[in-house]
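# A structural walkthrough
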Amino acid sequence: MKNQKMIKRLPTCILLSILLSLNSACSNGQARNTPEQKPAADTITTFVFPTIPATLKSPELRADYLARHYWERTDFADTNYIHHPEVMEQAWVNFIDILRLVPASTGDAALTTLFTQAEKEKKCYLYLASLADKYLYDPNSPMRNEEMYISVLDAILKSSVMDDTEKIRPQARRELAQKNRVGTKATNFTYTLANGKEGNLYDIKAAYTLLFINNPGCQACSETIEALKHSPSICRAVAQKRLQILSIYPDTDLAEWQRHLADFPAAWMNGYDKKQEIERNSLYDLKAIPTLYLLDKDKTVLLKDATAENIEEYLKNS
């Protein structure tokens, strides 16, 4: 998939600095886009932050307020906004980064409020939906976040702005996102090893199982294999038999898979999906390859669509 041009996100330290510096005087210029003052011409030059009450001192309280009120000075009836990605797209990226600092329930409420406000103008609504696709759903996005994207999809599916035809794709994506969600039990499947022996996911006995769905030979897969092989916490957990890594090839070119068997450590279980159940029945979301799921002993999903660094950090602290 071709990479889209992404607006740069802000480091967490800068976000916290912004939260602490925003005060009652912060408006990035003269306030506009209020019900009493709507721009008659294209005057969009900067994003206007909400006023954070001076009584909110801690970064946590300020982040919570900013997340909930972030778009209150944006008039979504004004279609000029969609012609200024340097303003709106950057505002969206900063908004998503702020949502990383607040509880999931706050993030869900903030996204729901945003899309409700945007119903004033369908063009603005569709523009926001496209930003959600680009940053929260696109497998190439470093900000990809399925839980936030689910909040967006839920808002779209409840919206009166979108007709039934326009909701077909969001509905399909919502159903797929629900599968193997964090906190749910991973879907069972049968795998076949190189020696022909078969097994299934649920029969693996370990405190943790790392499900690694990949296509050997692809650059991202090779990089992930190397990252897993050189992760201290992952290697330690495998050696202690606390972690079992199950590498699964979901495609049909077995000759290609067999050419790369030596790429995988002997301690890993390396199999393929002989009956093509994973892809044919959409058991797992394969829009991004490779994909990693960390499961507990009961095969409940702990981390979904994670990176090797995410796995390393989780095991180091477990």
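The present account deals with the structure reproduced in this document. (Residues numbered from 1 in each chain as written. Predicted model: local features only at pLDDT ≥ 70, side-chain atom pairs only at ≥ 80, totals over all residues. Heavy atoms only, no water.)

### Regarding the nonpolar core
Core analysis: the biggest nonpolar cluster contains 47 residues, and Tyr 70, Trp 71, Trp 92, Phe 95, Ile 96, Leu 99 and Phe 115 have the highest contact counts within it. When contributions to this core are tallied by element, the ones reaching two or more residues are helix 2 (59-69), helix 3 (85-99), helix 4 (104-117), helix 5 (122-137) and helix 6 (146-158). What Trp 92 contacts, discounting residues up to four positions off in sequence, is Trp 71, Leu 111, Leu 114, Phe 115, Leu 128, Leu 131, Ala 132, Tyr 135 and Leu 136. (Core = buried A, V, L, I, M, F, W, Y, C linked by side-chain atoms within 4.5 Å. Buried < 20%, exposed > 50% of the residue type's maximum accessible area, 1.4 Å probe, protein only. Helix = DSSP H or I, 4+ residues; strand = E, 2+ residues; numbered from the N terminus. Contact = heavy atoms within 4.5 Å.)

### A closer look at the sheet that holds strand 6 (residues 291-296)
Strand order in the open sheet formed by seven strands is 2-1-5-4-3-6-7, with mixed pairing between adjacent strands. Two strands bound the open sheet, and with one partner strand each, they are strand 2 (198-200) and strand 7 (301-304). Adjacent strand axes in the sheet meet at a mean angle of 30° when their direction is disregarded. (Pairing = 2+ DSSP bridges. Axes fitted to C-alpha atoms, helices over the stretch in contact; angles between N-to-C directions.)

### Examining the packing of helix 3 against helix 4
Packing of helix 3 against helix 4 leaves a shortest axis separation of 10 Å and a crossing angle of 150°. Judged by the inter-axis angle, helix 3 sits roughly antiparallel to helix 4. Pair helix 3 / helix 4 crosses with right-handed handedness. Together, Trp 92, Phe 95, Ile 96 and Leu 99 of helix 3 and Gly 107, Ala 110, Leu 111, Leu 114 and Phe 115 of helix 4 make up the contact between the two elements. A per-class count over the contact of helix 3 with helix 4 returns eight nonpolar, one polar and no charged. (Parallel < 35°, antiparallel > 145°, perpendicular 65-115°, else oblique. Left-handed = near helix turned anticlockwise from the far one by under 90°. Nonpolar A, V, L, I, M, F, W, Y, C, P; charged D, E, K, R; others polar.)

### Here we look at the environment of His 84
Take His 84: it is sitting in the loop between helix 2 and helix 3. With 39 residues separating them in the primary sequence, His 84 and Thr 45 have C-alpha atoms 8.1 Å apart.

### Considerations on the state of the cysteines
A disulfide bridge is the covalent bond that connects two cysteines by way of their sulfur atoms. Under the criterion given, the structure shown has one disulfide. One disulfide in the model links Cys 218 with Cys 221; its S-S distance is 2.3 Å. Taking the sign of the S-S torsion, 95° for the link of Cys 218 and Cys 221, the bridge is right-handed. For Cys 218, a relative accessible area of 25% translates into the label partly exposed. (Disulfide = S-S within 2.5 Å.)

### Considering the packing of aromatic side chains
A full pass over the atoms with the stated rule returns 17 aromatic pairs. For the pair Phe 47 and Tyr 70, a centre-to-centre distance of 4.8 Å together with 25° between the ring planes defines the contact as stacked. A residue pair is termed long-range when its members are at least 10 positions apart, and Phe 47 in the loop between helix 1 (12-21) and helix 2 and Tyr 70 in the loop between helix 2 and helix 3 qualify at 23 residues. Under the relative-accessibility criterion, Phe 47 is labelled buried at 6%. On the numbers, 6.3 Å between centres and 85° between planes, the contact of Tyr 208 with Tyr 314 is edge-to-face. Of this pair, Tyr 208 sits in strand 3 (residues 208-213) while Tyr 314 is found in helix 12 (residues 308-316), placing the two residues 106 residues apart along the sequence. We classify Tyr 314 as partly exposed; its relative accessible area is 31%. Members of the aromatic cluster, joined through ring pairs, are Phe 47, Phe 49, Tyr 70, Trp 71, Phe 76, Trp 92 and Phe 95. (Phe/Tyr/Trp six-rings, centres within 6.5 Å; stacked < 30°, edge-to-face > 60°.)

### Looking at the pairing of strand 1 (residues 190-193)
Two elements, strand 1 and strand 2, share three bridges in a ladder whose sense is antiparallel. Paired with Tyr 191 across the two strands is Gly 199, which belongs to strand 2. Where strand 1 folds back onto strand 2 in an antiparallel hairpin, the turn is made up of four residues, including Gly 196, whose phi is positive at roughly 95°. One ladder, built from two bridges, connects strand 1 with strand 5 (residues 269-272); its direction is antiparallel. Each residue of the ladder has a partner; that of Leu 193, found in strand 5, is Gly 271.

Any functional reading would require information that these geometric values do not contain.
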